[in-house]
Amino acid sequence: MLRIAVPNKGSLSGPASAMLHEAGYQQRKESKELVLVDPENEVEFFYLRPKDIAIYVSAGRLDIGITGQDLLVDSGAGAEAILPLGFARSTFRFAAKPGTATAVEDLAGRTVATSYEGIVAKHLAEHGVDASVVHLDGAVETAIELGVAQVIADVVETGTSLRNAGLEVFGEPIMKSEAVVIRRTGADTSDPAQPKIEQFLRRLQGVLVARSYVMMDYDCRAEHLERAVALTPGLESPTISPLHNEGWVAVRSMVPAKEAQRVMDDLYALGARAILTTAIHACRL
Ligand SMILES: Nc1ncnc2c1ncn2[C@@H]1O[C@H](COP(=O)(O)OP(=O)(O)OP(=O)(O)O)[C@@H](O)[C@H]1O
Ligand SMILES: O=P(O)(O)OC[C@H]1O[C@H](OP(=O)(O)OP(=O)(O)O)[C@H](O)[C@@H]1O
Ligand SMILES: [Mg+2]
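The rules behind these values
Residues numbered from 1 in each chain as written. Chains lettered and ligands numbered in written order. Predicted model: local features only at pLDDT ≥ 70, side-chain atom pairs only at ≥ 80, totals over all residues. UniProt positions renumbered as here; feature names shortened; annotations may be inferred. Near = placed C-beta within 6 Å. Helix = DSSP H or I, 4+ residues; strand = E, 2+ residues; numbered from the N terminus. Nonpolar A, V, L, I, M, F, W, Y, C, P; charged D, E, K, R; others polar. Domains from an automatic or database assignment. Buried ≥ 20, exposed ≤ 12 C-beta atoms within 10 Å, placed from the backbone. Pairing = 2+ DSSP bridges. Axes fitted to C-alpha atoms, helices over the stretch in contact; angles between N-to-C directions. Contact = placed C-beta atoms within 7 Å.

If you check an unreviewed UniProt entry, the protein appears there as ATP phosphoribosyltransferase from Streptomyces alfalfae. Looking at the protein in UniProt, the text filed under Pathway (unreviewed entry) is "Amino-acid biosynthesis; L-histidine biosynthesis; L-histidine from 5-phospho-alpha-D-ribose 1-diphosphate: step 1/9." In its Subcellular location (unreviewed entry) section, the UniProt record describing the protein reads: "Cytoplasm".

Spelled out as structure tokens, the structure:
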């Protein structure tokens, strides 16, 4: 059985389970369930604290896991990201009261509060800056107001939490993050779990593609086909079928969902008609 770590709480938990469900795996119904066996897919899911997942995976106790890129780096564990999943996107940044600091070098001799000591310590060391780091479990933005630190380093998505605390980011972003599938560093293809891991990754990739593409169908005059196909090249190449009406063809192609409306406008302007888009529910590329 493939053993997979899934975040049990926080920003990663809901979207991770939703993606696994979309990929055809059973998921827990109760947030108190710690382990779920999916016998049909020969997979066992372990619901763990997001911060601990890289540790279990690097120790080889679990084959793969879903966590945040920032949590992976923070853990310092021997695991690597093998598939980005596109949710829980954030940046990790320094912030302080306006006018306090402009670059990481300004932290020398100061105290930084964070829940991600590993990332901060590594970043300070890389820049040769000697600062104190104080660990807080959350609500880090309040640390400055309460005098625990002069600077914080935290996850930023919309920036609302920082604004509400009267803080501003400064310096270069420390890192970008999103949810990722991780695996133990150095695991090789002789691993008996390899075929199941590859099948798992193909399923998740199928979900990512199904979420970001639509299927587009349209009719166009044969003489416009090359220009139409240039607008809708698809992943491999579009399917072209003859229409009963001579001189017309039907075209079917996958199009990035974000571009679908613009592509439909351009096809229409080219004389294409009966332009339809449909959602893709699942796919294997
Ligand atoms: N507001 C947010 N928007 C996007 N991603 C976020 C946000 N907050 C945290 N994350 C991401 O979620 C992961 C942290 O997960 P974790 O469950 O430890 O914290 P959390 O989501 O902040 O939950 P909590 O603080 O309630 O425990 C990290 O990868 C982080 O980048
Ligand atoms: O830029 P924003 O959109 O405001 O999002 C970022 C905030 O979201 C997370 O906080 P969370 O709600 O998890 O609370 P926590 O600080 O206690 O972890 C994170 O720690 C930031 O504080
Ligand atoms: Mg949080």
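So, next bit.
Caption draft 1: View of the site of ligand 1. Around ligand 1 lies a shell of 16 residues, among which G10, S11, G68, S90 and E157 are the nearest. Contributing elements (two or more residues each) for the shell around ligand 1: helix 1 (10-22) and helix 3 (69-75). Considering every element that reaches the shell around ligand 1, the biggest residue donor is helix 1, with three residues. The class makeup of the residues in the shell around ligand 1 is six nonpolar, six polar and four charged. Looking at which domains feed residues into the shell around ligand 1, each of domain 1 (2-87 + 178-187) and domain 2 (90-177) gives three or more.

Caption draft 2: Representation of the pairing of strand 6 (residues 90-96). Counting buried residues in strand 6 gives five out of seven residues, a clear majority hidden from the surface. Sheet analysis places strand 6 next to strand 10 (residues 168-177), joined by six bridges and oriented antiparallel. Within strand 10, the position partnered with A96 by the bridge is E168.

Caption draft 3: Geometry of the domain arrangement of the protein. Along its sequence, the protein is carved into domain 1 (2-87 + 178-187), domain 2 (90-177) and domain 3 (213-279). When each unit is reduced to the centre of its C-alpha atoms, the spacing between domain 1 and domain 3 is 39 Å.

Caption draft 4: A look at the UniProt feature "domain: Histidine biosynthesis HisG C-terminal" (unreviewed entry) in the protein. Within this numbering scheme, the UniProt entry marks residues 210-281 as carrying the feature "domain: Histidine biosynthesis HisG C-terminal" (unreviewed entry). Secondary structure content for residues 210-281 is 28% helix and 40% strand, and the end C-alpha separation is 6 Å.

Caption draft 5: Structural detail: the sheet that holds strand 10. Judged by pairing direction, the sheet is mixed, and its five strands sit side by side in the order 8-7-9-6-10 without closing on themselves. For this open sheet the edge positions go to strand 8 (132-135) and strand 10, each flanked by a neighbour on one side alone. Across this sheet, the average inter-strand angle for adjacent strands is 25 degrees, counted without regard to direction. Lying over the sheet, helix 4 (residues 117-126) contacts strand 6, strand 7 (111-114), strand 8, strand 9 (151-156) and strand 10, oriented at roughly 175 degrees with respect to strand 8.

Caption draft 6: Highlighting the site of ligand 2. Taken together, G138, A139, V140, E141, D154, V155, V156, E157, T158, G159, T160 and S161 are the residues near ligand 2. Those elements giving two or more residues to the shell around ligand 2 turn out to be strand 9 and helix 6 (160-164). With three residues, strand 9 is the single largest residue contributor to the shell around ligand 2. Looking at side-chain class alone, the shell around ligand 2 contains four nonpolar, five polar and three charged residues.

Caption draft 7: Spotlight on unusual backbone geometry. Its identity is not glycine, yet A139 carries a phi of approximately 45 degrees, on the positive side. Position of A139 among the secondary structure elements: in the loop between strand 8 and helix 5 (142-145). The exposure class assigned to A139 is exposed, which follows from the 12 C-beta atoms found within 10 Å. Phi is positive for A274, close to 50 degrees, though the residue is something other than glycine. With respect to the helices and strands, A274 occurs in strand 15 (residues 273-279). Among the residues examined, A274 registers 11 C-beta atoms within 10 Å and is labelled exposed.

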